[in-house]
Amino acid sequence: MVRPSRAPAEEDAENAQPSSNTLEFNEPLSWKAGKAIPVATLIKRLTTLSKQLSLLEQEGVDRDSLAIPAKELAQVGLMLHRDNGVKAFTACCLADMLRLHAPDAPYTAQQLKDIFSCFVSCLKGLEDPDATYYQQYICLLDSLSTVKSVVLISDIPDCEEVTLSLFTSFFDIAKPDGSKNVEYHMTDILIQLIDECNSLPTEVVDIIMAQFLRMAPSPVQPPKKGGAARADPKIDEKQTRLTNAVPPPAYNMAKNICNTCVDKMARHICQYFSEVILDAAPSSRRKLGSVDGEDEDAPVHEPSHEELHDLDKAHQLAKELWKACPQVLQNVIPQLEQELLADNGEIRKLACETIGDMALTGNFLSSAPATWKVWVSRANDKSPGVRAKWVQAAVRILKERSDSMAIQLVDLIAIKLNDLDDAVRFAVCESLRSLDYATITTKLAADQSPFNLYDSSNSIAGTNTNRKGKAEGDTKGWGKKILLTLAERVRDKKIHVRLEGMRCLARMWDMAYKDIAKGDDVVFAQLGWIPSKILDTFYINDPEVNVLLDHVLHEILIPVNYPPIEKERYGMEPEKANGNAKGKGKDKDDSKEREREILEGDKIRVRRLLVLVKGLDTKAKRALFAVPLRQISYAKVMEVFLKACEDNNGGVIEEGIDEVSVRITLDKFSAWLSQKLPEPPKAKENLQKFAKLHDRRCYQLIRFCFNPESDYRTVVKALKEIKKRIGESSQSGILDSLTPLLYRVSQLIYNKSHVAPIVEFSRTDPALGSTAHEVLKEMSGSNPAVFKANVKALSDLLQEQSPSSGSPDSSGAVDTLKACAGFAKSYPKDMPQERKLLQALVSFALTGSPPAAAKHAVTILMHSAARKEIYASDLVKRCIKDFKFGEEHFLAKLACLGQLVLLAPEQCEDDNKAIKELVTDIIVKVRTPKPDDENEEESKTVWADDSELDDEIKAKLLALRVLVNRLRANADVANSENASVVKSLNKIVANEGEPLGAKSTPATHRSRLRLAAAQHLLKLATYKSYDDLITAVEFNRLAVVAQDGCLQVRQGFINKLKKYLAAGKLNARYYTIIFLMAYEPNEDWREEVVTWVRARTIQVSKSASGSNVMEGIFARLMSLLVHHPDYGTQVKDLTDFSKYILFYLRAVANEENISLIHYVAQRAKQFRDRLSPDNSDNLYYLSELSQAVIRHYAEHHRWSIQTWPGKLRLPAALFAPMQNAQESQEISNKTFLPEGVDKKLGALVRTSRNTTAATATISSAGRKRKNEASASSPATTPAPKPKKAKPESSSKPKKVTKRRATRHESTPPPTKPSERRRSGRTAVAKVRSYKEDLPSDDEGFSDDEDEDASDVDQEMDDGTSSDQSEPEPRPRRASGRGRTSIGGSAKKPPPTRKGKEKEKVDATEPDEMEVDEPEPEEENEEDKEEETSAAIAVAPVAPMATTSPNVTPTKTAALGKRTTRAAAGKGKTEEKAEGKGKAVAGRRRSGRGRNKKNEDEEEAGVESSELSDVPDES
C-alpha cells in the first residue's frame, strides 16, 4: 500500500538509481507572488514533465530527481489554476508521481486530500469527449485504475468529502453513449476504494443505491398528509420506459460494485435498510408469530405517509438489488420477514409485494426458506389488502416460473378465488387476466402439467385445501380448479368481481379461438367450455349482469367490428362510396373486389359465431339464441321511444301534437328501458338527455341498427357513427346507458348478411355443418325476416338435397326445411314458387328421411304453395293408397299424413275413415315380440335412444301424432270420436305404455308410448274442449308420469309441461304436477325446476289474471297427494308426504303469501273429498299435516302467519260441501294428525336445505314413487320445541285418537323415506301466534243451487278456470306494503287496470328464455315444440299511441327481489254485515326483507322476464 513520504534525506540514502531512470526536467513550476508564469509557458513545461514522467519505470526510478517537481506540483496554485489545461497536466503529473513513489506517497495527508480533490475536479471533464484535454483525463483515469493510487484516500483524515465527491462524479459521468473503457476504469477505481475503506459514508451508500432505482418505476410524488392510507401510487410514465430499455452505465457500475464487494456492501446495505425500514416505523413491528394474535392492549404506532413513501422506495430498491446482486440482501431479507409479521397492514402489504416480486427471479426458496414460508402464510392474512397483494404476486410467480416455487402456490391461488372478501376475489381475477395463452394452456389447463399433478396435502402454508365440501383425497388438479373456480366468479355477488371474472374468461377463450376453430380437441377440452359459463349468467337476469354480458358478448366473444371494417361513407352503395360513377372499368373491378372482401368478412364472422355455438351446452345455447329473440321486442320498444323523441322535438312540441300524450309516452318508455339497466334513475335521466339532444341523424341510425333489411356493415357503421356523434356532444355520459340498448336492438347475431355464409357452411363444412343447420333453424323461428334476401339460396339448397335429386339421405336437409318452414309461415308470399322447388318439397313429403323432413316439407307447401289444396289432396291419396306397414318410405307417409290432417283438414275429410283405420292398426298391433328374458321391474327404467328405435315404434309414434293432429284441427267440434282418442291416450298412460291390456309390448316401446301419450294429452289440454274431457281421476293418473321409473320419460314429460305452462296454454291445475318432483333423484334437475317455478310464480303474479293462482293451486295439490298411490296415514307416510309440501313451499312461499297458503290448507278441512267421499279423512290428515308444515316453515323463516282477510273458493270438482253442520263441527273438533309427527316436521324443516339429498332409485313396481329410495335421515341436534300455535277456532278442539277406516289403496304399507334437498333460508325470527275465526261451512260455494255438479273440472271462482278467464275480485294486500291483521286500520284497494288486453302468461325460467315473438296465426298450427326451444311470452308493442297520465310502466324485479303483486280485486270487496265497519289493515312488510335480495333466488339464478312488462301505448 502507498503511504505518505518519509524525510527526503532518508530517501536519498536508500534510493540511489542509475541515471537512465532519472528525471531530467529542471524547469521551475512555481512562481513568486505577482510574477506568475504565463499559461502557455506553464502548459509547455507541464507537458514536458508529463511526458518524461510517463516514460519512467516504477522500478529503480531516481526519486531524488523527482523531489523538486513533486514538491512544486503539490502547490495549490497549480491544482486550483484557473486554466483547465494547467490543471489537467498537473493532475497527470501528480498521478505519475504517485505511481513512481508507490507504495509511499511523497505528500502529507493534507496534500493528498488536495491532490485527490484536483483529480476529481479534472475527471469531471470525462463528461465531454470533445473537450480539449479529454486525452489527459483518460490518462489520469487509467493511472488511478492501474496503480490503485485511489486507496490513499482511506488514509486521509476526514476523507468522506473526497470519497463522496468521487462517487458522485463517476456516476454522473457514466452515460449510455460513453466509452465502455471509461466505465470499466471508473468501476474498478470505486471497487478499489470500497475494498480499502473500513466503512463508507452513508451518503456514498445512498448514491450507490440510487443507481438501482434508475431501473425501478417510482411514484411521481409521495402521498400527501391526510390522504388515504397508502393508495397505490401513480407511476411516472417516463420512469417506466427505463424498465424496457438497456440498463444505464451507472446501474451497471453499481451492480458490478455490489457483486464484487459482496461482504462489505451487504453490511452497508443492511445498515441502510435498517435506517430506512426500521427507523421509519419503529413501533410497527412485533414479535414473530404474533400477527394473528388478539393482544391489542399495547398502543400501535401508525407510520405517517412520508414514512410509508420512504418504505415503498426502500422496497423498490430491495427488488432491484435482488435482480442485480441478490447476495448483498442476505441480511436484509430477515428484516423483510419481520415486516411480514408487522401489526400495520400497509407494511405487511409492502413486504408481501416486495418478496413476491423478488421471487420472480433467482431462487428465493433456497436462499431464504424461512422467509418464503412466512410469505406463503400471508395467503391467510387477516387483512384483505394483504391477501390481495399476496395473490397478485403469486399469480405473477405462476406466470413467470414453472419450478417448485410456483407449483406450491397453485392451490392457494385457487382457494383465494373463493375468499370471503370481494377485494381478494377481484384481485385474483384481475391478475389471472394478465396470464398469457401459453401459461393458461400448458400450466393450468394441461392434464399432465406439474400444476395439476401437485399434491397439496403437504402444502407449506398448512392450508386446509379440502374446504367447501371437497373430499379429503381431492388434493390434485389445482391448475384446472383455478379455471373452474374462476368460472364461478361470473356469478359472484359483487358486480365488479363478476365483471373482472367474465372479462378474464372471455379473454382466455378469445386467445384460444384460433386453435379451437382449427379443430384442436385438446384446446377445446381445456377452454371450450368458457362461453357456456359466461352465457349462463343470462339466467340471473340482473340489470348489471345483463349489461356486462352485452359488453362481453359483443366486444370479446363476437366482437361487433370483427373482422375490422374499413372506414367509408356510411349508408352508400359501393360505387357511390368510392366517389365515382358507374361504368368505368377500374371502378367495376374495385367494386367486385370490395364485394369479395365483404363476403369474406361475413364468412369470417359467421365462422366465429358457429364455432362459439358449437361449443355451447344446451342451456347456454338457449341463452345465446334468446339474445336475438330479445332484440325483436327491444326494437319495438325503441321504435316507439324514437317516435316519442321526434314528437318531443327537443322539448319544443309542434302544433297539432298532443303535448301531454307525447310527454307521457316518452316518460313511460324511457322508464321501461331504464329499468333494464343499472341505476334506473340515472339511466332514465340519460335517455331524457338523449331526447333533448334531438339528433335526428341518430334516430335514423338507430333505426338502421334494428331494421331487418340492414346488412351487417350498415349496422356496424351506424353504431360507430352514433357513438361518435354523441361522444362529441356535451352529453357524452349518455353512451353509458345507450350503448347496452344499442347492442340489444341491433341486428348483430341474426343478420341478413350472415344467412348466405351459414348456408354455405351447412353445405360444405363437415365440422360446422350441423351447427349451421341449427342456427338456421333458430333464425327461422325467431327472426325469419332476415331470410328475405337469401330465401333463394335456401330453396336452391333444398333442391340439391331433395330425394328426387338423387340424395340418398335427407337428414342434413331437416334443419334447412325447418328454417324454410318458419319463413313460409311468416312470409308465405315471399317464398319462391319455382316448379323444381315444389317438386322437391313433394319428394321430401313422400320419401323424406327422417320423417321430420316430410313434416316440414308439408308445412312449407301448405303455407306458401299457390295451389296448396291440390297438393294436399294429391298427397293424401298417395299416402293412403296401397299403404303397407314396413314398405319403403312408409314412415315419411305417416309424417306427411300427420301434417296434412292438421294443416289441410278439409282435404282429408273424405279419407278420415281410412286414415283412422290405418293408424289404429299400427298402434294396436304388436309386431315386435316381447323378449322372453325381459324383467318386469327393470323394464320400467328401460329407454332406447332415437338411433336405436326400430321402425315399429317410430310408426306407432307417428300414428299417435296423426290422431292427435286430427283433434287439434277440429278443436271446435265435439264428438264421441274425439273423446275416444283422449280416452285411448289416458289408457296408454294408465297401462304404462300398453295400447291394450295384453302386456305384450317390448319395454323400449312402452317407455316411448307412455311418454308420447302423456305429451299428447298435455298438447290437447291446451284446448279447453279437450281439457274438459280429462277428468280429475285421469288427471291424477297423468300426473304420476312425473314420477315414472324412466328418467327420460320424466324429463320429456316435465319439459313439455313447463313449456305449455310458460306459454300460458294450460289450466293452472297442471302446475300441481310439477310438485310431484319432490322425490326426483336427479338433484340438479330438481333444483332447476324449483328455480323455474319461482320465476313462474313471479311472472304469474304480475299478470292481470294471475293473482293468487300459485297459492290457490295448493288446494289442488292436496287433492292430488291424497289420491297419490303411495299416500297413507301412518306417521312415516305422513312424514314422507310432508316433503311434497316443503317442495311446494320452497318454490312458491314467501313472506307475503304464506298466510294465504295456510288459509287454503285450513279450508280443505271444511269440505269432503268429492272424488272419494267415503275416504275424506285422508284429506283431513293432509290438511292438518299441511298446516303444521306451513307453521314450521314460517317459524323457520321468521314469517308471521296472519289471518287472511279475503276468500278463496276451492275447486268444486275436487271438494264437496259437508252433509250437515253437525258433521262440519265434528271434523273441526277432531285432531287427525298422529302424535310425534309435529316434532319430526320441525326437524325436517330445519334441515330441509342443510342436508344433501340422497340418491333415490325410482321404480314403478306397485306404482310406488318414493318408497324404493332408501336413505336414512342424518342425525341432527334437536332444536328447542317451537311455541305451539293457538287454534284458529273459537272453541278449543278436543284431541281424538280414534280414526276412521280408510281405503286399502290409500293406506299402503310403511315406506322408507328418501332424503331430499330442502330450503336453505336462514331463520331470523320466531313465528307469532295468532287467532282467527273459522269461516262458515258453506263458504266458497256458489249461490246457484242448480249448479251442474257433473262438470268434473268446474272451478268455484278461484281464478283457475280452464278458459283462463279473469278471477272474481278478491280482497288482497295493496301493493304489498301492508300485512292484514285483525283490528288494524283499513287500506284502500288497489286501482283497477282498465283496458288491458288479455295476454298469455310470460315465462321466466333458467332453461327457457323469455322473449317476445309474434303470435301464431292460428291456434291449430303445427306443433310448436318443434319450432323453438325457447318459451314464448307474448307482449306485443302496438304502434305509437298515447296513454293516460295515470298509466305507468310495470317494473321487473331485479335478481332475487320479490315483485310486489298487485291486488286481485278490481274494486272494494263487499263485506258481510258483521264485517262492516271493521277495518282490514294491510300486511306489514318487515324492513329486513324490503331491501334485501332473496338469497334463494340469487343462489339459484332466478330470472325474471325482461319482456313481460312492456308498457302499453294506450
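Details of the structure are given in the entry above.
Since the model is a prediction, treat every value here as computed from it, not as a measurement.

> Sorry if this is basic, but what is going on with the packing of helix α29 (residues 543–557) against helix α37 (residues 734–745) here?
The geometry of a pair of packed helices is captured by two quantities: the angle between their axes and the separation between those axes. At a minimum axis distance of 10 Å, the contact between α29 and α37 shows a crossing angle of 65°. Handedness of the α29/α37 crossing: left-handed. Where α29 abuts α37, its residues Pro543, Asn546, Val547, Asp550, His551, His554 and Glu555 lie against Thr739, Pro740, Tyr743 and Arg744. When grouped by side-chain class, the residues that make up the contact of α29 with α37 number four nonpolar, four polar and three charged.

> Mind showing me how you'd approach helix α23 (residues 437–444) here?
Helical geometry note: an α-helix holds 3.6 residues per turn, so side chains three or four residues apart project in the same direction. Among all positions of α23, only Thr439, Ile440, Thr441, Lys443 and Leu444 are buried. Against the buried residues of α23 lie α19 (384–400), α24 (450–453), α25 (478–488), α26 (495–517) and α27 (521–527). Capping the start of α23, Asp436 holds a side-chain oxygen 3.1 Å from the backbone nitrogen of Ala438, two or three residues further along.

> Sorry if this is basic, but what is going on with unusual backbone geometry here?
It is generally the case that most residues other than glycine have a negative phi and that most peptide bonds are trans. With an omega dihedral of 10°, the bond running from Ala102 to Pro103 counts as a cis peptide bond. Mapping Pro103 onto the fold places it in the loop between α5 (84–101) and β2 (104–105). Cis rather than trans, the peptide bond between Tyr562 and Pro563 has omega equal to -10°. Along the polypeptide, Pro563 turns up in the loop between α29 and α30 (574–577). The phi angle at Lys148 is positive, at roughly 60°, despite the residue not being glycine. Within the secondary structure, Lys148 sits in the loop between α7 (134–147) and α8 (160–173). Its identity as a non-glycine residue notwithstanding, Asp882 has a phi of 55°, on the positive side. Residue placement: Asp882 occurs in the loop between α44 (868–880) and α45 (890–903). By relative accessible area, which is 58% here, Asp882 ends up exposed.

> Honestly, the packing of aromatic side chains in this entry has me stumped. Any pointers?
Each aromatic ring pair is specified by the distance between its two centres and by the angle formed by the two planes. Enumeration according to the criterion identifies 29 aromatic pairs in this entry. Look at Phe787 and Phe823: their rings are 6.4 Å apart centre to centre, the planes differ by 70°, and that puts the pair in the edge-to-face class. You can see Phe787 sitting in the loop between α39 (769–782) and α40 (791–801) and its partner Phe823 sitting in helix α41 (residues 814–826), a full 36 residues away along the chain. One exposure class covers both Phe787 and Phe823, and it is buried. Ring pairs connect the aromatic residues Trp322, Phe364, Trp372, Trp375 and Trp390, which therefore count as one cluster. Note that Arg605 overlies the ring of Tyr712, its terminal NZ or CZ placed 3.6 Å from the centroid. The positively charged end of Arg927 is found above the aromatic ring belonging to Phe885, 4.0 Å away from the centroid.

> I would appreciate a short explanation of the nonpolar core in the present structure.
The nonpolar side chains of soluble globular proteins are, as a tendency, buried together. Ranked by internal contacts, the top residues of the largest apolar core, which has 365 residues, are Ile208, Met209, Phe212, Met265, Trp375 and Tyr1070. Counting residues per element, this core draws most heavily on α5, which supplies eleven residues. When near neighbours in sequence (up to four residues on either side) are disregarded, Tyr1070 contacts Leu1018, Ala1021, Asp1027, Ile1030, Phe1035, Leu1038, Leu1057 and Leu1061. Counting residues in each nonpolar core, the second largest holds 42 residues, with Val547, Ala644, Leu687 and Leu719 among its members.

> Looking at this structure, I do not really get the pattern of salt bridges. What am I missing?
Two side chains of opposite charge can pair, provided their charged atoms sit close to one another. The tally for this structure, following the rule as stated, stands at 55 salt bridges. A salt bridge links Glu834 to Lys792; the shortest N-O distance between them is 3.7 Å. Of the two residues, Glu834 sits in the loop between α41 and α42 (835–847) while Lys792 sits in helix α40, which places them 42 residues apart along the sequence. By relative accessible area, which is 29% here, Glu834 ends up partly exposed. Linking Arg1010 and Asp1044 is a salt bridge whose minimum nitrogen-to-oxygen distance equals 2.6 Å. On the criterion of sequence distance, the pair formed by Arg1010 in helix α50 (residues 1003–1021) and Asp1044 in the loop between α52 (1032–1039) and α53 (1047–1062) is long-range, its members being 34 residues apart.

About the criteria used
Residues numbered from 1 in each chain as written. Predicted model: local features only at pLDDT ≥ 70, side-chain atom pairs only at ≥ 80, totals over all residues. Heavy atoms only, no water. Axes fitted to C-alpha atoms, helices over the stretch in contact; angles between N-to-C directions. Helix = DSSP H or I, 4+ residues; strand = E, 2+ residues; numbered from the N terminus. Left-handed = near helix turned anticlockwise from the far one by under 90°. Contact = heavy atoms within 4.5 Å. Nonpolar A, V, L, I, M, F, W, Y, C, P; charged D, E, K, R; others polar. Buried < 20%, exposed > 50% of the residue type's maximum accessible area, 1.4 Å probe, protein only. Polar contact = N/O pair within 3.5 Å; in protein donor to acceptor, adjacent residues only side chain to side chain. Phe/Tyr/Trp six-rings, centres within 6.5 Å; stacked < 30°, edge-to-face > 60°. Lys NZ or Arg CZ within 6 Å of the ring centre and 35° of its normal. Core = buried A, V, L, I, M, F, W, Y, C linked by side-chain atoms within 4.5 Å. Salt bridge = Lys/Arg side-chain N within 4 Å of Asp/Glu carboxyl O.

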